[in-house]
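Structural characterization, general
If you want the building blocks of each chain, they are given just below.
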Amino acid sequence: MVDMKVLGLTMDGESNSPILVLQEKGGAEILPIWIGASEALSISLALNGKTLDRPITHETMFRALSSVGVKLEGVYITELRDGTYFAEMEMLSGTERIRLDCRPSDGIALAVRAHAPIRVAEDILETTAKSRTRRRGEDMVTTFMPDDPASPEAAYLLQSMEAASPYKM
């Protein structure tokens, strides 16, 4: 398994879908994962240390786990099958280790809040690197969240991912 960090979030120019971009810690390899808008918003909020008036699903889940003494130990992206990533969350409850199947975006939304490691199987990085080069090149992902979460660019990204609605959550 390869240790990764969240490099940032961007939008796919063709499909207007959010992309979560992971980068190898201490390396240059990246892993773009297309995710849903609500998961992108959740990850962006956590990365930027922001909260909404009411807790969103990932925040509620993180609080629930914490309140009963369960610690998220890590998120592991274990498989790529038919274009879909599979992941597991490893949690510690007392002395018992629990592994649960999860979507990578949900696991990462919790990992960012818990400051837990994110790891990807080496074969996935090898496969996706070849695929990216073969399909559209390294410019597939071009816009990353700035290093400074307080920057105007980061604030704009966060605002652009919020759902347009007259109703507050």
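Residues numbered from 1 in each chain as written. Predicted model: local features only at pLDDT ≥ 70, side-chain atom pairs only at ≥ 80, totals over all residues. Heavy atoms only, no water.

Topic: the overall build of the chain
Within the chain, the regular secondary structure consists of five helices and seven strands. Burial status across the chain gives 43% buried among its 169 residues. Sequence-distant contacts, at least 24 apart, represent 52% of the contacts inside the chain between residues at least 6 apart. Carbon and sulfur atoms provide 50% of the accessible area of the chain, an area that totals close to 9,700 Å². (Helix = DSSP H or I, 4+ residues; strand = E, 2+ residues; numbered from the N terminus. Buried < 20%, exposed > 50% of the residue type's maximum accessible area, 1.4 Å probe, protein only. Contact = heavy atoms within 4.5 Å. Areas by Shrake-Rupley, 256 points an atom, 1.4 Å probe, with all protein chains shown as cover.)

Notes on the packing of helix α2 (residues 57-67) against helix α3 (residues 104-114)
α3 packs onto α2 with a crossing angle of 60° between their chain directions and a minimal axis gap of 10 Å. The angle between α2 and α3 falls in the class oblique. Like other packed secondary-structure pairs, α2 and α3 cross with a definite hand, here right-handed. The segment α2 lies against α3, with His58, Glu59, Met61 and Phe62 engaging Asp106, Ala109, Leu110, Arg113 and Ala114. (Axes fitted to C-alpha atoms, helices over the stretch in contact; angles between N-to-C directions. Parallel < 35°, antiparallel > 145°, perpendicular 65-115°, else oblique. Left-handed = near helix turned anticlockwise from the far one by under 90°.)

Quick notes on unusual backbone geometry
The phi dihedral of Asn16 falls on the positive side, at around 60°, and the residue is not glycine. By secondary structure assignment, the location of Asn16 is in the loop between β1 (2-11) and β2 (18-24). Even without glycine at this site, Asp82 takes up a positive phi of about 55°. Mapped onto the secondary structure, Asp82 falls in the loop between β4 (70-81) and β5 (84-93). Assessed through its relative accessible area of 79%, Asp82 is described here as exposed.

What to know about the packing of helix α1 (residues 37-47) against α3
The contact between α1 and α3 brings their axes to 9 Å, and the two run at 15°. One finds that α1 runs roughly parallel with respect to α3. In terms of crossing hand, the pair formed by α1 and α3 is left-handed. Residue-level inspection shows Glu39, Ser42, Ile43, Ala46 and Leu47 of α1 in contact with α3, the latter providing Ser105, Asp106, Ile108, Ala109, Val112 and Arg113. The residue inventory of the contact of α1 with α3, partitioned by class, reads six nonpolar, two polar and three charged. (Nonpolar A, V, L, I, M, F, W, Y, C, P; charged D, E, K, R; others polar.)

Regarding α1
Taken residue by residue, α1 has Glu39, Ala40, Leu41, Ser42, Ile43, Ser44 and Leu45 as its buried positions. The first or second residue beyond α1 is Gly49, which carries a positive phi of 65°.

Brief notes about the pattern of salt bridges
Within this structure, the stated rule accounts for 11 salt bridges. Note that Arg99 is salt-bridged to Glu90, the shortest N-O span being 3.4 Å. A relative accessible area of 14% means that Glu90 is categorised as buried. What you see here is one network of salt bridges that share partners, running through Lys71, Glu73, Glu88, Glu90, Arg97 and Arg99. (Salt bridge = Lys/Arg side-chain N within 4 Å of Asp/Glu carboxyl O.)

So, the nonpolar core
The biggest cluster of nonpolar side chains holds 32 residues, and the ones touching the most others in it are Leu22, Leu31, Ile77 and Ile108. With five residues, the top contributor of residues to this core is α3. (Core = buried A, V, L, I, M, F, W, Y, C linked by side-chain atoms within 4.5 Å.)

Quick look at the confidence of the model for the chain
In the predicted model, the chain carries a mean pLDDT of 82, and the fraction of residues at 70 or more is 76%. Looking across the chain, the model is least confident in helix α5 (residues 152-161), with a mean pLDDT of 48, and most confident in strand β7 (residues 118-120), with 98. For the stretch residues 133-146, pLDDT sits under 50, and the model shows 28 contacts to residues farther than four places along the chain or on other chains. Across residues 156-169, where pLDDT falls below 50, the model places 16 contacts with residues more than four positions away in sequence or in other chains. (pLDDT = per-residue confidence, 0-100.)

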